[in-house]
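Topology and contacts: notes
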Amino acid sequence: MSEENFTPGPWRRGFKNIGHVTAENGAVIAKCERLTSLYNMQANARLIAAAPDMYAALVDFIEYERLMDADEHVAGMCKYDDLREKAVKALAKALGEA
C-alpha cells in the first residue's frame with residue numbers, strides 16, 4: 001500500500017471558507033456543501049481534513065502488528081502507546097477537538 005497518489009498532508013479545514021479542506025500548499029482538496037445544516041458541513045470538512053492523519057496512524061499500526069506477528073523487534077520502532085496516541089489525535093482532529 002502506497003500513499004504516492006494522495007495529496008500529502010496535513011490537510012486543514014478552511015477558516016475563511018469553513019466547508020473547504022486545503023493542503024499545506026493551499027490547494028483545495030474538497031469543498032463540502034451544506035447538505036442539511038452548517039453543522040454537517042463543518043463535521044464533513046473536519047473528517048476529510050483528518051484523513052491523512054488517520055491513514056498514517058493505520059499504516060503505522062498495521063506495520064507494528066506485522067512486525068509483532070513475525071516476532072521482529074526493530075530498534076526505534078514506535079511503541080504501542082505512541083501508535084495509540086497518534087490514532088487518538090487523528091480522531092480528535094476529525095471531531096474538531098484538536
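First things first, this report covers the structure right here in the doc. (Residues numbered from 1 in each chain as written. Predicted model: local features only at pLDDT ≥ 70, side-chain atom pairs only at ≥ 80, totals over all residues. Heavy atoms only, no water.)

1. Quick word on the overall build of the protein chain
- Summing up its helical and strand segments, the protein chain has three helices and three strands in all.
- Listed N to C, the secondary structure of the protein chain is β-β-β-α-α-α in terms of helices and strands.
- Taking the contacts inside the protein chain whose residues are at least 6 apart along the sequence as the reference set, 43% of them involve residues at least 24 apart.
- About 7100 Å² of surface is accessible on the protein chain, with carbon and sulfur atoms providing 55% of the total. (Helix = DSSP H or I, 4+ residues; strand = E, 2+ residues; numbered from the N terminus. Contact = heavy atoms within 4.5 Å. Areas by Shrake-Rupley, 256 points an atom, 1.4 Å probe, with all protein chains shown as cover.)

2. So, the nonpolar core
- In terms of nonpolar packing, the biggest core is built from eight residues, these being Trp11, Val21, Ala23, Ala30, Cys32, Met41, Ala45 and Ala49.
- Among the elements that line this core, the one with the most residues is helix α1 (residues 38-49), at three residues.
- Not counting residues within four places of it along the chain, the set of residues in contact with tryptophan 11 comprises Val21, Thr22, Ala23, Ile29, Ile48, Ala49, Ala51, Pro52 and Lys93. (Core = buried A, V, L, I, M, F, W, Y, C linked by side-chain atoms within 4.5 Å. Buried < 20%, exposed > 50% of the residue type's maximum accessible area, 1.4 Å probe, protein only.)

3. Comments concerning the sheet that holds strand β1 (residues 12-13)
- Pairing within the open sheet is antiparallel, and its three strands lie in the order β1-β2-β3. Where the open sheet ends on each side, the last strands, each with one partner, are β1 and β3 (28-31). (Pairing = 2+ DSSP bridges.)

4. Points about a nonpolar patch on the surface
- A surface patch of nonpolar side chains, about 300 Å² in accessible area, is lined by Phe61, Ile62 and Tyr80.
- Position of phenylalanine 61 among the secondary structure elements: in helix α2 (residues 51-69). (Patch = residues over 30% accessible without salt bridge, like charges linked within 9 Å, V, L, I, M, F, W, Y side chains within 5 Å. Salt bridge = Lys/Arg side-chain N within 4 Å of Asp/Glu carboxyl O.)

5. Observations concerning the pattern of salt bridges
- Counted under the stated rule, the structure contains two salt bridges.
- Note that lysine 93 and aspartate 53 form a salt bridge whose closest N and O atoms lie 2.8 Å from each other. One end of the pair, lysine 93, is in helix α3 (residues 80-95); the other, aspartate 53, is in helix α2, with 40 residues separating them in the sequence.
- Using a relative accessible area of 27% as the deciding quantity, one classes aspartate 53 as partly exposed.

6. A few points about unusual backbone geometry
- Residue glycine 9 is joined to proline 10 through a cis peptide bond whose omega torsion reads 5°.
- With respect to the helices, strands and loops of the structure, proline 10 is situated in the segment before β1.

7. Remarks on the environment of asparagine 44
- Structurally, asparagine 44 can be placed in helix α1.
- A sequence separation of 13 residues divides asparagine 44 from lysine 31, and the C-alpha atoms of the two residues are 9.6 Å apart.
- What asparagine 44 contacts, discounting residues up to four positions off in sequence, is Cys32 and Leu35.

8. Overview of the packing of α1 against α3
- Packing of α1 against α3 brings their axes to within 7 Å, and their N-to-C directions diverge by 155°. Comparing their axes, α3 and α1 come out roughly antiparallel. Taking contact as the criterion, the partners of Ala43, Arg46, Leu47 and Ala49 in α1 are, on α3, Lys93, Ala94 and Leu95.
- Within the contact of α1 with α3, the residues separate by chemical class into five nonpolar, no polar and two charged. (Axes fitted to C-alpha atoms, helices over the stretch in contact; angles between N-to-C directions. Parallel < 35°, antiparallel > 145°, perpendicular 65-115°, else oblique. Nonpolar A, V, L, I, M, F, W, Y, C, P; charged D, E, K, R; others polar.)

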